[in-house]
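Single-letter residue listing:
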Amino acid sequence: MKRDMKAWKEDLIKAKAKCALPILSFPCVQLMGVSVEQLSRDPALQARGMQLVAERTPACAAVSMMDLSVEAEAFGATARFMPGEVPTVKDPIVQTPEEADALKVPQVGAGRTGKYVEAIRQACGLINDRPVLAGVIGPFSLAGRLMGVSDIMISCYDEPEAVHTVLKKATDFLADYVLAYRGAGAHGVVIAEPLAGLLSPGLAEEFSEPYVKRMSGAARSDEFLVIYHNCGNNTPLMLDSILRTNCDGYHFGDAVAIAGLVGRVPEDKLVMGNISPSSQFLGGTPEGIREATLGQLGACSPGHPNYIISSGCDIPPMSPWENIDAFFAAVQEYYTGV
Amino acid sequence: MHPILNDISTNLQAGKAKIVRELVQQALDSGVPVKEILDEGLLSGMNIVGKKFKNNEVFVPEVLVAARAMNQGVQVLKPHLVDANVKPIGKVCIGTVQGDLHDIGKNLVKMMMEGKGIEVVDLGTDVQPATFVDTAREQGCRIICLSALLTTTMGMMTEVVQAAREAGIRDQVKIMVGGAPVTDAFCQQIGADAYTPDAASAAEKAVEFLTGEPA
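Residues numbered from 1 in each chain as written. Chains lettered and ligands numbered in written order. Predicted model: local features only at pLDDT ≥ 70, side-chain atom pairs only at ≥ 80, totals over all residues.

## Some thoughts on the interface of chain B and chain A
Right, so step 1: Contacts between the two partners involve 19 residues from chain B, matched on the other side by 22 residues from chain A.
Right, so step 2: Elements that contribute at least two residues to the side of chain B that touches chain A include exactly helix H4 (60-81) and helix H5 (104-114) of chain B.
Right, so step 3: Of the residues forming the side of chain B that touches chain A, the biggest block, six residues, is contributed by H4 of chain B.
Right, so step 4: Here the residues of the side of chain B that touches chain A are counted per class, giving nine nonpolar, seven polar and three charged. (Contact = placed C-beta atoms within 7 Å. Helix = DSSP H or I, 4+ residues; strand = E, 2+ residues; numbered from the N terminus. Nonpolar A, V, L, I, M, F, W, Y, C, P; charged D, E, K, R; others polar.)

Laid out in structure tokens, this is it:
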């Protein structure tokens, strides 16, 4: 079902009582009694998981699994599955400029990417009361998985051309991947670019901004929103560059004080974050997360109608549901009093 | 201070590994004492990088290239360190705990510690608890440093503390923990000795443990 996502965003900004938009999907494994690995290999399970989360929570939108190993796996990297944890990429596959040149851009559908697109197609059929958002990795973060995190950082200085070569190929694939999600019925996409948050502002401007901007430009429409996520600790210093990616919304992690960022994001763009996924959702208590949520809303919401409370990153699979429920209850409590 | 030491420090901070290597050789050829080259050229430069990193004035890539420059300089010095009786201030072992393949945080801590004159045994990623304990015992490491990025692998830090207890070395080693999901409360809960929120603070804490004095 197509939606006017431009109007959806405007309505969200105008609304006095707002919903929350946490990156919440993987904890569905607890509701379904399946493993993270089973989930990440099965589109029907993913769609059903998103449906169960939507039925249980009043989240603004349903968000797909943030599995940031999928895209690197499509390029030929090996994903490693650990019980109860989101898959990670094992070893880099590009270590020289020659390997960067030789790297082949896969077709969408390679590895598990076809399963993830299919999951969105099925989820869109199951969830009708809110938008369905897909998740993809950002270009620098994908290049980092392909080249190795430490190596790509050094290569930004030593072999910038090789980094740009990999980034161009990563973006070619990611732009197609996002369009495949759009074609499958998604109403938007969250682009996760956490690795760029470790760069200096200058390097982020060169090695992340133009590529994210290209992805955003290729996919955005009145019926498809692009949301940028970066949970690095340098985002306040690189915010101008991040905003130039021209996305519809910006989502920040708990490594930064988001109260200092909300006023810097244009009023027609969503700004989201950043209750800690690890210390609050996973390791916290219902009382603690209530306090953190009310505090965050009190600090960020007044005067900033484009602020939407969220988790700081994706919520870990085994986060207790009593904490997740307490988060939503606190959001409702706050806006009932507004 | 010999002016070349300042040049070494400046070029190290800029990550110019080849120039640092050449300057260290020049300093040796000019008769500058090995310890001065190490302390006032290489380690001094890396200390400045560490402080700037802590203050968000430089970032991960700059730290990585500076550390690489320092290592290049140390390689030139290495054959002369023993003759000059220059010793590290202590030895630590470091690794990312079992089940976790992330290494950027661990690498940064290692580099910052080496920049403080600490000898670091890098055990890599996905390290079993017994490996930490065996390495500490066999190589005389006075600190075990544990890194984890995943919420599910943090729990392995508890296993390392327990393994150190069972091996009877808990009172001989300090155990430091760090990584994105790790907190001070978690450190206390599992009975580790120190949590630090960033690489520079970790290096300072290690110096404090090894020397009994603040870094």
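## Considering the nonpolar core
Right, so step 1: With 196 residues, the main nonpolar core has Val166 and Val189 of chain A together with Ile144 and Met157 of chain B as its most contacted residues.
Right, so step 2: Counting residues per element, this core draws most heavily on helix H10 (residues 160-183) of chain A, which supplies twelve residues.
Right, so step 3: Here this core gathers at least three residues from each of two domains, domain 1 (3-81) and domain 2 (91-211) of chain B.
Right, so step 4: Not counting chain neighbours up to four residues away, the residues in contact with Ile144 of chain B comprise Cys93, Phe132, Ala136, Val160, Ala164, Val173 and Ile175 of chain B. (Core = buried A, V, L, I, M, F, W, Y, C linked by C-beta atoms within 7 Å. Buried ≥ 20, exposed ≤ 12 C-beta atoms within 10 Å, placed from the backbone. Domains from an automatic or database assignment.)

## What to know about the packing of helix H6 (residues 129-139) of chain B against helix H7 (residues 155-166) of chain B
Describing two packed helices takes the angle between their axes plus the distance from one axis to the other.
Residues and elements named next belong to chain B.
Right, so step 1: Taken N-terminus to C-terminus, the directions of H6 and H7 make an angle of 40°; their axes are 8 Å apart at the nearest point. Here H6 lies oblique to H7, going by the angle between them. Handedness of the H6/H7 crossing: right-handed. Residues Pro129, Ala130, Phe132 and Val133 of H6 form the contact with H7, whose own contacting residues are Met156, Glu159, Val160, Ala163 and Ala164.
Right, so step 2: Looking at side-chain class alone, the contact of H6 with H7 contains eight nonpolar, no polar and one charged residues. (Axes fitted to C-alpha atoms, helices over the stretch in contact; angles between N-to-C directions. Parallel < 35°, antiparallel > 145°, perpendicular 65-115°, else oblique. Left-handed = near helix turned anticlockwise from the far one by under 90°.)

## Some thoughts on H4 of chain B
Right, so step 1: Of all the bends found along H4 of chain B, the most pronounced is centred on Gln75 of chain B and spans about 35°, while Pro79 of chain B, a proline, follows it within four residues.
Right, so step 2: For H4 of chain B, every residue scored as buried is listed here: Val60, Pro61, Glu62, Val63, Leu64, Val65, Ala66, Ala67, Ala69, Met70, Gly73 and Leu77 of chain B.
Right, so step 3: Those residues of H4 of chain B that are buried lie in contact with helix H9 (149-158) and helix H11 (201-207) of chain A together with helix H1 (3-13), helix H2 (17-29), helix H3 (34-54) and H5 of chain B. (Bend = angle between axes of the 7 residues up to and from the residue.)

## Quick notes on the domain arrangement of chain B
All names here are of chain B.
Right, so step 1: In terms of domain boundaries, chain B breaks down into domain 1 (3-81) and domain 2 (91-211).
Right, so step 2: Domain 1 puts eleven residues into the contact, and the matching count from domain 2 is twelve residues.
Right, so step 3: At the level of elements, H3 and H4 are the ones that each hand at least two residues to the side of domain 1 that touches domain 2.
Right, so step 4: A per-element tally of the side of domain 1 that touches domain 2 places H3 first, with seven residues.
Right, so step 5: When its residues are assigned to classes, the side of domain 1 that touches domain 2 shows seven nonpolar, two polar and two charged.

## Quick word on the pairing of strand E3 (residues 143-147) of chain B
Residues and elements named next belong to chain B.
Right, so step 1: Burial runs high along E3: five of the five residues are buried.
Right, so step 2: Neither face of E3 is exposed, since Ile143, Cys145 and Ser147 on one face and Ile144 and Leu146 on the opposite face are all buried.
Right, so step 3: Examined bridge by bridge, strand E1 (residues 91-96) and E3 share five bridges and lie parallel to one another. Paired with Val92 across the strands is Ile143, a residue of E3.
Right, so step 4: Note: E3 against strand E4 (residues 174-178), five bridges, orientation parallel. If you follow Leu146 over to E4, its bridge partner there is Val177. (Pairing = 2+ DSSP bridges.)

## Observations regarding the environment of Leu31 of chain A
Residue and element names in this part refer to chain A.
Right, so step 1: Residue placement: Leu31 occurs in helix H2 (residues 28-32).
Right, so step 2: Judged by the 14 C-beta atoms lying within 10 Å of it, Leu31 is partly exposed.
Right, so step 3: For the pair Leu31 and Trp321, spaced 290 residues apart in the sequence, the C-alpha separation amounts to 9.0 Å.

## A few points about the sheet that holds E1 of chain B
All names here are of chain B.
Right, so step 1: Spatial strand order, E2-E1-E3-E4-E5: five strands in an open sheet with parallel pairing. Strands with a single pairing partner mark the edges of an open sheet, and in this sheet they are strand E2 (119-122) and strand E5 (194-195).
Right, so step 2: Contacts from H5 reach E1, E2, E3 and E4 within the one sheet, and its direction differs from that of E1 by about 165°.

## Overview of the sheet that holds strand E4 (residues 132-137) of chain A
Residues and elements named next belong to chain A.
Right, so step 1: Taken in spatial order, the seven strands of this open sheet run E1-E4-E5-E6-E7-E8-E9, and their pairing is parallel. Either end of the sheet is taken by a strand with one partner, and the two such strands are strand E1 (62-63) and strand E9 (307-311).
Right, so step 2: Both E1 and E4 contribute to a ladder of two bridges, which runs parallel. Within E4, the position partnered with Val63 by the bridge is Leu133.
Right, so step 3: Along the sheet, H10 contacts E4 and strand E5 (188-192); its crossing angle with E4, the most-contacted strand, is approximately 165°.

## Observations regarding the pairing of strand E6 (residues 225-230) of chain A
All names here are of chain A.
Right, so step 1: Burial analysis of E6 places six of its six residues in the buried class, the great majority of the element.
Right, so step 2: Alternating positions in E6 separate into two faces, Leu225, Ile227 and His229 on one and Val226, Tyr228 and Asn230 on the other, with burial throughout.
Right, so step 3: Pairing between E5 and E6: five bridges, direction parallel. The partner of Gly188 across the bridge, within E6, is Leu225.
Right, so step 4: As paired elements, E6 and strand E7 (residues 249-252) share four bridges and run parallel to each other. Its bridge partner being in E7, Ile227 is matched across the sheet by Gly249.

## Remarks on the packing of helix H4 (residues 43-56) of chain A against helix H7 (residues 113-126) of chain A
All names here are of chain A.
Right, so step 1: At a minimum axis separation of 8 Å, H4 and H7 run at an interaxial angle of 40°. With respect to H7, the axis of H4 lies oblique. By crossing handedness, the relation of H4 to H7 is classed as right-handed. Contacts between H4 and H7 involve Pro43, Ala44, Gln46, Ala47, Met50 and Gln51 on the former and, on the latter, Lys115, Glu118, Ala119, Gln122, Ala123 and Leu126.
Right, so step 2: Looking at side-chain class alone, the contact of H4 with H7 contains seven nonpolar, three polar and two charged residues.

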